[in-house]
Amino acid sequence: MGHKIAFQGEMGAFSHAAAHGFFPNDEPMPCVTFEETIGAVQKGEADYAVVPVENSLYGRITDIHHILPESGLHIIGEYYLPVRMNLLGVRGATLEDIKAVQSLSVALGQCRKFIAEHKLRTINAVDTAGSAREVAQKGDKTLAAIASHLAAEIYGLEVLAENIEDAAHNTTRFLIMAREPKYATPNGTKVKTTFVFRVRNVPAALYKAMGGFATNGVNMTKLESYMVDGSFTATQFYADIEGHPEDRNVAFALEELGFFSDHFKILGVYPVAENAPDSK
């Protein structure tokens, strides 16, 4: 084991699966909260953090957008995890044995059709991986969990049904965070730049700030706003663009953004994920 990789959740969680996908040969470090996950890297207890930022079904992970800009950490990569739900039972159990299914409420909600078809009683739990662990501990052939393949491997469960989610396109995007910046080199590979900014208090400031990206042909793939310190008047924007700050058109666009902003901070310049849905 080389590096320690912090993630939020128990061993076998989907965040663990993402961490394993990006760092297959390193040591996973489960954390209870997002703050603890980020804090582990800040304090040097972990080398990297893998945190979810958005899901194709549920949109952005709100907590992360507030934590990342003030964390002092840097984005060095991204990873897209297709969320595949599986019905996991104890050894020797069959699908016909299962009477009840336990998982995170969101996971149960994503598998409504399967649950209804098999007339299963649902049990809400804190998370998917914890449900798999509890099912393994109880040893009840009538009880199953909805969780990842990785959870099945870790807790010695059998996969009784695969890919039981209602929406096949369910995907979560994760960011890889580090203490030190590691800017991708502008060598022709696809690069993404993430930054936050606040516009000046002048009429049409946001419209004018965005104009530079349009006139310079820079594709902005994400623009989201959120309050700062609970204020209704202080709004911060979180943005992803395609390109490197050293690219001529990106440099011009960021320069124009600066004219209409009173705060600007780059969070990361990193390669577009090889498994990104729009990378091909």
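One can find the structure itself at the top, above this paragraph.
The following refers to the structure shown. All values derive from a computational prediction rather than experimental measurement.

## What about the overall build of the chain?
The helix and strand tally for the chain stands at nine helices and 15 strands. On the principal axes, the C-alpha backbone points of the chain span a range of 65 × 40 × 40 Å. Excluding contacts between residues fewer than 6 apart, the proportion of contacts in the chain whose partners are at least 24 apart in sequence is 74%. Working note: accessible area of the chain is about 13,600 Å², and carbon and sulfur atoms make up 52% of it.

## Comments concerning the pattern of salt bridges
Tallying each qualifying case throughout the model produces 11 salt bridges. Here Glu 10 ties to Arg 133 by a salt bridge, and the two come within 2.8 Å at their closest N and O atoms. Residue Glu 10 is found in the loop between strand S1 (4-8) and helix H1 (14-22), and its partner Arg 133 is found in helix H6 (residues 128-138); the two are separated by 123 residues along the sequence. With its nearest N and O atoms 3.4 Å apart, the salt bridge here joins Lys 222 to Glu 224. Take Lys 222: its relative accessible area is 10%, and that puts it in the buried class.

## Comments concerning the packing of aromatic side chains
The tally for this structure, following the rule as stated, stands at seven aromatic pairs. With a centroid separation of 4.8 Å and an interplanar angle of 65°, the aromatic rings of Phe 22 and Phe 23 are classed as edge-to-face. Among the residues examined, Phe 22 registers a relative accessible area of 32% and is labelled partly exposed. Since its relative accessible area comes to 10%, Phe 23 is described here as buried. Centroid distance Phe 195 to Phe 197: 5.9 Å. Interplanar angle 40°. Geometry classified as tilted. According to the relative accessible area criterion, Phe 197 is buried, its value standing at 0%. These aromatic residues form a ring-pair network of at least three members: Phe 195, Phe 197, Phe 213, Phe 237 and Phe 264.

## A word on the pairing of strand S3 (residues 48-55)
The buried fraction of S3 is high, at seven of eight residues. Of the pairings in the sheet, the one linking S1 to S3 comprises three bridges and is parallel in character. Across the sheet, residue Phe 7 finds its bridge partner in S3, namely Val 50. Where S3 meets strand S4 (residues 59-60), two bridges bridge the pair, whose relative direction is antiparallel. Within S4, the residue paired with Asn 55 across the bridge is Gly 59.

## Comments concerning the nonpolar core
In this structure, Val 50, Met 85, Leu 87, Ile 146 and Ile 164 are the most contacted members of the largest nonpolar core, which totals 31 residues. The set of elements that each furnish at least two residues to this core consists of H1, S3, strand S5 (74-82), helix H4 (105-109), helix H5 (112-117), strand S9 (143-147), strand S10 (158-161) and strand S11 (171-178). When residues in this core are grouped by element, the largest group, four residues, is from H1. For Leu 87, the residues in contact, after removing those within four places along its chain, are Leu 95, Ile 98, Val 101, Phe 114, Ala 144, Ala 145, Ile 146, Glu 158, Val 159, Leu 160, Ala 161 and Ile 164. The next biggest cluster of nonpolar side chains, apart from the first, holds 22 residues, and it includes Ala 6, Val 51, Val 53 and Tyr 226.

Cut-offs and rules
- Residues numbered from 1 in each chain as written.
- Predicted model: local features only at pLDDT ≥ 70, side-chain atom pairs only at ≥ 80, totals over all residues.
- Heavy atoms only, no water.
- Helix = DSSP H or I, 4+ residues; strand = E, 2+ residues; numbered from the N terminus.
- Contact = heavy atoms within 4.5 Å.
- Areas by Shrake-Rupley, 256 points an atom, 1.4 Å probe, with all protein chains shown as cover.
- Salt bridge = Lys/Arg side-chain N within 4 Å of Asp/Glu carboxyl O.
- Buried < 20%, exposed > 50% of the residue type's maximum accessible area, 1.4 Å probe, protein only.
- Phe/Tyr/Trp six-rings, centres within 6.5 Å; stacked < 30°, edge-to-face > 60°.
- Pairing = 2+ DSSP bridges.
- Core = buried A, V, L, I, M, F, W, Y, C linked by side-chain atoms within 4.5 Å.

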